[in-house]
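What follows is each chain in one-letter form.
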Amino acid sequence: MELQEALTILDNTQKKLFAYNAASSALYLDAVTVAPRDTAEGRGMALSVLAGEQHKLLTDPALTEALGVLNEHKGELDLLHARETEELSRSVRQLTRIPAEEYMAYAQLTNEADDVWHRAKEQSDFGLFRPYLEKLVEYNRKFAGYYDPDKAPYDALLNEYERGVDTAYLDGFFAALREKLVPLIHAIGEKPQPDDSFLHRQYPVERQRKFSDYLMEVLALDRAHCGIGETEHPFTLNFTSQDVRITTHYYENDLASSMYSVIHEGGHARYELDVDPQVEYTVLAGGVSMGVHESQSRFYENIIGRSRPFIEAIFPKMQEFFPEQLSGVTAEMFWRAVNRAQPSLIRTEADELTYCLHIMVRYEIEKALIGGTMEVKDVPETWNRLYKEYLGVDVPDDKRGCLQDSHWAGGSFGYFPSYALGSAYGAQMLRNMEQDMDVWGPVGRGDLGGVTGWLAEKVHKFGGLLTPAQVVENACGTFDPMAYTDYLTKKYTELYSL
Ligand code: ZN
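Every chain is numbered independently, its residues counted from 1 as its sequence is written. The model is predicted, so local features are restricted to residues of pLDDT at least 70 and side-chain atom pairs to those at 80 or more, both for listing and for counting; the totals for chains, interfaces and linings are taken over all residues. In computing side-chain properties, one takes all heavy atoms of the structure into account and sets aside hydrogens as well as water.

A. Structural view of the overall build of the protein. Each helix is a run of DSSP H or I of at least 4 residues and each strand a run of E of at least 2, with the numbering of both proceeding from the N terminus. Helix and strand counts for the protein come out as 20 helices and 3 strands. C-alpha atoms define the radius of gyration, and 2.2 Å times the number of residues to the power 0.38 defines the globule rule. By the compact-globule yardstick of 23 Å for 498 residues, the protein fits well, its C-alpha radius of gyration being 23 Å. Each principal axis of the C-alpha atoms in the protein carries an extent, and together these give about 75 × 50 × 50 Å. Each residue gets one of three labels from its accessible area relative to the maximum for its type: buried under 20%, exposed over 50%, partly exposed in between, using a 1.4 Å probe on protein chains only. Buried residues in the protein amount to 52% of all 498 residues.

B. Summary view of the coordination of the zinc ion. Taken together, the protein ligands of the zinc ion are His264 (NE2), His268 (NE2) and Glu294 (OE), with distances of 2.1 Å. Only nitrogen, oxygen and sulfur atoms qualify as donors, and only when within 2.8 Å of the metal (3.2 Å in the case of Na, K and Ca); with water excluded, sites may look incomplete. Each donor residue of the zinc ion belongs to the same chain, with the gaps between them written as H-x3-H-x25-E. Of this pair, His268 sits in helix α10 (residues 255-273) while Glu294 sits in helix α11 (residues 290-304), and the two are 26 residues apart along the sequence. Taking the relative accessible area as the measure of exposure, Glu294 reaches 9% and is therefore buried.

C. Helix α2 (residues 40-58), seen in detail. For a helix, the expected span equals 1.5 Å multiplied by the residue count minus one. The end-to-end C-alpha separation of α2 is 27 Å, in line with the 27 Å expected for 19 residues at 1.5 Å each. Along α2, the positions that sit buried rather than exposed are Arg43, Leu50, Leu57 and Leu58. The buried residues of α2 all sit within an arc of 85° when viewed along its axis, so they share a single face. In α2, the exposed positions that point more than 90 degrees away from the buried face belong to Glu41, Met45 and Lys56. Residue contacts are defined here by distance: any two heavy atoms, one from each residue, within 4.5 Å place the two residues in contact. The elements touched by buried residues of α2 are α1 (3-33), α3 (61-72) and α4 (79-96). Throughout, the arc means that of the directions going from the helix axis to the C-beta atoms.

D. The environment of Ile346, seen in detail. Topologically, Ile346 is positioned in the loop between α13 (331-337) and α14 (355-371). The spacing of Ile346 and Val395 is 49 residues in sequence and 9.9 Å in space, taken between C-alpha atoms. In contact with Ile346, other than residues within four places in its own chain, are His358, Arg400 and Gln404.

E. Inspection of the side chain of His407 at higher detail. Examined against the element boundaries, His407 turns out to sit in the loop between α15 (379-391) and α16 (417-436). Assessed through its relative accessible area of 13%, His407 is described here as buried.

F. Structural view of the packing of α1 against α2. Put simply, α1 and α2 touch, their axes get as near as 10 Å, and they point 160° apart. For the element pair α1 / α2, the angle class is roughly antiparallel. Regarding α1 and α2, the two cross each other, and that crossing is left-handed. Taken together, the residues of α2 that come into contact with α1 (itself represented by Thr13, Lys16, Leu17, Tyr20, Asn21, Ala23, Ser24, Leu27, Asp30 and Ala31) are Arg43, Ala46, Leu47, Leu50, Glu53, Gln54, Leu57 and Leu58. Note on geometry: axes are C-alpha line fits, over the in-contact stretch for helices, and angles between N-to-C directions span 0 to 180 degrees. To sort the angles, those under 35 degrees are grouped as roughly parallel, those over 145 as roughly antiparallel, those from 65 to 115 as roughly perpendicular, and the leftovers as oblique. By the definition used in this description, the sense in which the near helix is turned from the far one sets the handedness, with an anticlockwise turn below a right angle giving left-handed and a clockwise turn giving right-handed.

G. Expanded view of the packing of aromatic side chains. Side-chain rings of Phe, Tyr and Trp (the six-membered ring for Trp) are treated as a pair once their centres are within 6.5 Å; stacked means planes under 30 degrees apart, edge-to-face means over 60, and tilted covers the remaining angles. Applying the stated criterion across every chain yields a total of 30 aromatic pairs. Here Tyr106 and Tyr139 contribute two aromatic rings whose centre-to-centre distance is 5.3 Å and whose plane-to-plane angle is 55°, an arrangement assigned as tilted. Remark: Tyr139 occurs in helix α6 (residues 126-147) and Tyr106 occurs in helix α5 (residues 100-123); sequence separation between them is 33 residues. Using a relative accessible area of 11% as the deciding quantity, one classes Tyr106 as buried. Look at Trp383 and Trp408: their rings are 6.2 Å apart centre to centre, the planes differ by 85°, and that puts the pair in the edge-to-face class. Remark: Trp408 occurs in the loop between α15 and α16 and Trp383 occurs in helix α15; sequence separation between them is 25 residues. Neither residue differs from the other here; Trp383 and Trp408 are each classed as buried. Placement of a charge over a ring requires the Lys NZ or Arg CZ to be within 6 Å of the ring centre, with the centre-to-atom vector within 35 degrees of the ring normal. Over the ring of Tyr260 we find Arg306; its NZ or CZ atom is 3.9 Å from the centre of that ring. Above the ring of Phe416, the side-chain terminus of Arg362 is found at 5.5 Å from the ring centroid.

H. The domain arrangement of the protein, seen in detail. Partitioning the protein into structural domains gives domain 1 (3-150) and domain 2 (167-496). The distance between the C-alpha centroids of domain 1 and domain 2 comes to 27 Å. Counting from both sides, the interface comprises 36 residues of domain 1 and, opposite them, 38 residues of domain 2. When two parts are brought into contact, each loses some accessible area as probed by a 1.4 Å sphere; the total of that loss over both is the buried area. Summed over both partners, the interface of domain 1 with domain 2 buries about 3,100 Å², with 73% contributed by carbon and sulfur atoms. Domain extents, as shown, originate in an automatic or database domain assignment.

I. A look at the sheet that holds strand β2 (residues 236-240). With mixed pairing, 3 strands are arranged side by side in an open sheet as β1-β3-β2. With one partner strand each, in any of the chains shown, β1 (226-230) and β2 form the two edges of the open sheet. Neighbour-to-neighbour, the strand axes of the sheet open up by a mean angle of 20°, direction not taken into account. Across 4 bridges, β2 lies against strand β3 (residues 243-248) in antiparallel orientation. Bridging from a neighbouring strand, Thr236 pairs with Ile246 of β3. Taken strand by strand, α1 contacts β1, β2 and β3, and its axis lies near 145° from that of β2. Its contacts with the sheet place α10 against β1, β2 and β3, and it is angled at close to 165° to β3. Paired strands are those between which DSSP finds at least two bridges.

J. Main features of unusual backbone geometry. A positive phi angle, close to 50°, is found at Ser124, a residue other than glycine. If you trace the backbone, Ser124 turns up in the loop between α5 and α6. A relative accessible area of 23% means that Ser124 is categorised as partly exposed. Its identity as a non-glycine residue notwithstanding, Ser497 has a phi of 45°, on the positive side. Its location among the elements puts Ser497 in the segment after α20 (481-495). The exposure class assigned to Ser497 is exposed, which follows from its relative accessible area of 52%.

Now the structure itself:
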């Protein structure tokens, strides 16, 4: 096969992959937003055909041959084609490395495990889920060997979610968090908590919708390219860099919930919209990794959205939207209320400060399970002990303990650390951004143009043109967890007058 023919196959394959993904995404979006209740069957059929077509496309011998030719001529390819070849080769490898029977058996296991997990959680009965978790751990230890036999099993799994990240990297990161944040959280526990009762007054959904429109304007999300919908769990979905959708969920008696969902998902959307169109319709389109994506959503949500200057900037407008609910409330009171830090049991409801300790507990348990130094039967006891040690809370039952997240039931081991890494990357980006420009003056006037411009230049525009590690290096320099612990220490020392 000639190089030119291989390049044509490369381009065509990626366009088709894009189309299959776009079709699947559209069906998914329809399902979770506007589709009537009893309509899942036809979509299920369409999705399984699309998945089959995608599998066929990636296992086509002509593609394998083309990728072989392209890899041989790597030195002659431009950066775009070189990276496309690298990523597509990786996808093909990923698809074929697990023997088909094992893959099928595992798919069935996760399907059942998810079902059992739901019931076990409802009944707060770890014993019910335990045999499934044992099998899931066993499979993942085995798969790790297929992914990379030269790596320790948990390192191989971590690398699947955030390439370049391993236990050595994370041990240092989490040790720094433990050392700095556990005492900080304990110190806050001694202090009075700010009043946040006004966040739970009656906020009509219709007004909240208008407020969301305003927030999207502040984030400069062009409504001709970014839509907003409503779903049980907020998320962001990108079709192209010209077509991104976010969703939120409104609670009448909780203003902060949707407000910060819109800003968080808006951060994900900002990233997608700023990716250079030259990677459109290729495997390099869209954000580069989950960790980098979370660094952006959390940057807007926490670092900007929960900052004093930002709240001071938008508070007068908020009072126009909610004059009765926010009467007698000041920007300062609002800032304190949305930054209330209190150790809790549930990860998804955790505040900015205590969140990463929830992740640390999961990391330590996963590391021990996949590393083979801990048995599944000891998960609840270890979970409860670590929650007491790091967060100072007593776990009353497994429902609010080790059964709360769906990740393990879905077979995801090594996914959690990306959440904490994202937050830490964001803090280091802020440190660098502050050296490059005046961040808080414009933010205090409600102008996020400079912030977004910096992030677009250092992170967003690349899409997958650089690897996750290269993007982090580009925006952060050498990763330093202290940037994150310093940021949190400074912020919460001020909030709680420590
Ligand atoms: Zn997110």
